[in-house]
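Report on the structure
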Amino acid sequence: MTAIAANRSDARLLGRWIAARVRMTLRSPRALGFTFAFPLVLVTLFGAINEGVRVSVAGTDVPFTQYYTPAIGVFSLTTACYTSLVVGLATARESGLLKRVRGTPLPVAIHLGSWCAGAMLTGLGSVLALFLVAVPAFGVDVPLATLPAAIVTAALGAAGLAALGLAAGSLVRTSEQAMPLAQLTFLPISFISGVWFPLDGAPSWVTTTADVFPLKHIVDAFTGCFLTGAPDAGFAWRDLAVITAWGIAGLAVATRRLRREAAAG
């Protein structure tokens, strides 16, 4: 009974900290700008410029915004779950916040877990906001048959990106080092992963290189849920497996490095 009570207490504590992290994020002008406003501006701007344009994705011709909206949704998800955690964790280590947390009754696992969960909820909220605008404004179709797959893919992608954000954040000690690392590990890969344009017809070395990284698999799995004519619409199990593997690897790296740092400090 004591163990059950302790678990319930930890769960309530985690819930309160997750809610606090979400509130802190929503109060940050920088987070609101890059996570919510900027993706909306991109979809609105490029959707208006490419009105009536159709693109070929996975052998299926679809309206430009039908592909671009979920792809930019992944961009928003990455900003919230990866970039913010890289910079946030490095800043917390630089300022000594993590050391101070270790000196309190609050378990570090709950502190970091709430940070990750808050980032994931914020990222998923930004994707939802994007579709709430794009569906009525640009006629983006959300197929009900593949909606469960889209939700699972977005949630798994958010978890994987958060784990990788923790891992990358544990590799640097200052916020000055963190931002270049976050940008250099995200922006170049985003261009070869289908975030900004479909990769149909791209050189084989581009797609082969992109296949190594998780971002392309998140883009392919998520955008595929909105391409009803595509042969792999729905659950993209291979892509989901790669995303999961990267997430587990990122969590293992972050756990090992942070435990080593705690033991040394």
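Attention in this report is confined to the structure presented alongside it. Treat the numbers as computed from the prediction; the structure is a model and nothing was measured.

Quick word on the environment of Gly-157
With respect to the helices and strands, the residue Gly-157 is situated in helix α6 (residues 147-169). The buried category is assigned to Gly-157, whose relative accessible area is 0%. Apart from the residues lying within four places of it in its own chain, the contact partners of Gly-157 are Leu-77, Ile-218 and Ile-243.

Here's the deal with the packing of helix α3 (residues 64-95) against helix α7 (residues 175-191)
Running from N to C, α3 and α7 cross one another at 155°; their axes reach a closest spacing of 8 Å. For the element pair α3 / α7, the angle class is roughly antiparallel. Crossing of α3 over α7 shows right-handed handedness. Of the residues in α7, those touching α3 at Phe-75, Thr-78, Tyr-82, Thr-83, Val-86, Val-87, Ala-90, Thr-91 and Glu-94 are Ser-175, Ala-178, Met-179, Leu-181, Ala-182, Gln-183, Thr-185 and Phe-186. Taken together, the residues of the contact of α3 with α7 break down into ten nonpolar, six polar and one charged.

Regarding the pattern of salt bridges
If you walk through the whole model with that rule in mind, you get three salt bridges. Residue Lys-216 is joined to Asp-211 by a salt bridge in which the shortest nitrogen-to-oxygen separation is 3.3 Å. A salt bridge links Lys-216 to Asp-220; its shortest N-O distance comes to 2.7 Å. Highlighted residues: Lys-216 and Asp-220, both in helix α9 (residues 214-224), separated by four residues, approximately one helical turn.

Brief notes about the side chain of Arg-93
Tracing the chain through its elements places Arg-93 in helix α3. Relative accessible area serves as the criterion here: at 12%, Arg-93 is assigned to the buried category. Here the side chain of Arg-93 touches Gly-169 through a polar contact of 3.2 Å, landing on its backbone oxygen. At 3.0 Å, the side chain of Arg-93 and the backbone oxygen of Ser-170 are in polar contact. When near neighbours in sequence (up to four residues on either side) are disregarded, Arg-93 contacts Leu-98, Gly-169, Ser-170, Leu-171, Val-172, Arg-173 and Glu-261.

Examining the nonpolar core
Within the largest apolar cluster, 47 residues are counted, with the highest numbers of intra-cluster contacts made by Tyr-67, Tyr-68, Ile-72, Tyr-82, Trp-196 and Phe-222. Counting only elements with at least two residues in this core, the list comes to α2 (29-49), β1 (54-57), α3, α5 (108-138), α6, α7, α9 and α10 (237-264). The leading source of residues in this core is α3, at 14 residues. When neighbours within four sequence positions are excluded, Trp-196 is seen to be in contact with Leu-42, Tyr-68, Ile-72, Phe-75, Ser-190 and Phe-191. The next biggest cluster of nonpolar side chains, apart from the first, holds 13 residues, and it includes Leu-89, Trp-115, Ala-162 and Leu-258.

Observations regarding a positive patch on the surface
Judged by side-chain charge, Lys-99, Arg-173, Arg-256, Arg-257 and Arg-260 come together as a positively charged surface patch. At three residues, α10 tops the list of elements feeding residues into the positive patch. Position of Arg-260 relative to the elements: it lies in helix α10. You can call Arg-260 partly exposed: its relative accessible area is 48%.

About the thresholds
Residues numbered from 1 in each chain as written. Predicted model: local features only at pLDDT ≥ 70, side-chain atom pairs only at ≥ 80, totals over all residues. Heavy atoms only, no water. Helix = DSSP H or I, 4+ residues; strand = E, 2+ residues; numbered from the N terminus. Buried < 20%, exposed > 50% of the residue type's maximum accessible area, 1.4 Å probe, protein only. Contact = heavy atoms within 4.5 Å. Axes fitted to C-alpha atoms, helices over the stretch in contact; angles between N-to-C directions. Parallel < 35°, antiparallel > 145°, perpendicular 65-115°, else oblique. Left-handed = near helix turned anticlockwise from the far one by under 90°. Nonpolar A, V, L, I, M, F, W, Y, C, P; charged D, E, K, R; others polar. Salt bridge = Lys/Arg side-chain N within 4 Å of Asp/Glu carboxyl O. Polar contact = N/O pair within 3.5 Å; in protein donor to acceptor, adjacent residues only side chain to side chain. Core = buried A, V, L, I, M, F, W, Y, C linked by side-chain atoms within 4.5 Å. Patch = residues over 30% accessible without salt bridge, like charges linked within 9 Å, V, L, I, M, F, W, Y side chains within 5 Å. Areas by Shrake-Rupley, 256 points an atom, 1.4 Å probe, with all protein chains shown as cover. Lys, Arg positive; Asp, Glu negative; His and termini not counted. Charge placed at Lys NZ, Arg CZ, Asp CG, Glu CD.

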